[in-house]
Amino acid sequence: MTASTTLVISTTIEELQKVETAVDEVSAAEGWLPDIEFKIRLVLDELCTNVVNYAHSDNLDHDMTVVIESDDSEVRVRIVDDGDPFNPLEDAPKPDTDSALADRRVGGLGIHFVKTLVDEARYWRDDNKNYVALSKRRN
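Criteria and cut-off values
Residues numbered from 1 in each chain as written. Predicted model: local features only at pLDDT ≥ 70, side-chain atom pairs only at ≥ 80, totals over all residues. Heavy atoms only, no water. Helix = DSSP H or I, 4+ residues; strand = E, 2+ residues; numbered from the N terminus. Expected span 1.5 Å × (residues − 1). Buried < 20%, exposed > 50% of the residue type's maximum accessible area, 1.4 Å probe, protein only. Axes fitted to C-alpha atoms, helices over the stretch in contact; angles between N-to-C directions. Parallel < 35°, antiparallel > 145°, perpendicular 65-115°, else oblique. Left-handed = near helix turned anticlockwise from the far one by under 90°. Contact = heavy atoms within 4.5 Å.

1. Here's the deal with helix α2 (residues 34-54)
Part 1 of the argument: Its 21 residues place the ends of α2 30 Å apart at the C-alpha level, agreeing with the 30 Å of an ideal helix rising 1.5 Å per residue.
Part 2 of the argument: All of the buried residues in α2 are Ile 36, Lys 39, Ile 40, Val 43, Leu 44, Leu 47, Cys 48, Thr 49, Val 51 and Val 52.

2. Quick notes on the packing of α2 against helix α4 (residues 110-117)
Part 1 of the argument: The contact between α2 and α4 brings their axes to 9 Å, and the two run at 140°. With respect to α4, the axis of α2 lies oblique. In this structure, α2 meets α4 at a crossing whose hand is left-handed. Two secondary-structure elements touch here, α2 through Lys 39, Leu 42, Val 43, Glu 46, Leu 47 and Asn 50 and α4 through Gly 110, Ile 111, Phe 113, Val 114 and Leu 117.

3. Quick notes on the environment of Thr 21
Part 1 of the argument: Looking at where Thr 21 falls in the secondary structure, it is placed in helix α1 (residues 16-30).
Part 2 of the argument: Counting along the chain gives 20 residues from Thr 21 to Arg 41, while the straight-line C-alpha distance between them is 9.7 Å.

In short, shape yes, function no, at least from these values alone.
What follows is the structure, encoded as structure tokens:
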């Protein structure tokens, strides 16, 4: 690993700025191309926002962990939360990508973007936590 950062943040919208800052820092340290930075920023924003908005069915305070790792060939990210069991890669509703834009409902494309913008995406549940791991080749 050439660059790595781990954040533990509370599951609030205000905390998501810390993820964006971490992406900026790792991108600058590793010299990511703008395209790679955009894709990593977008998938992390989508997944972390979903954790904030949908992962917990209680009104308690929760944290999530976001790990960003980068080397010369690949960027890897991992999100860990203690929310309700949910595999966003399989359980999220399938988006309508065939209808005309005017006929589609608003939203629902985020997980579709995640799956298409990275090279590998995995989900697993362990010790009452959700894990999502993504990787994106840099070349």
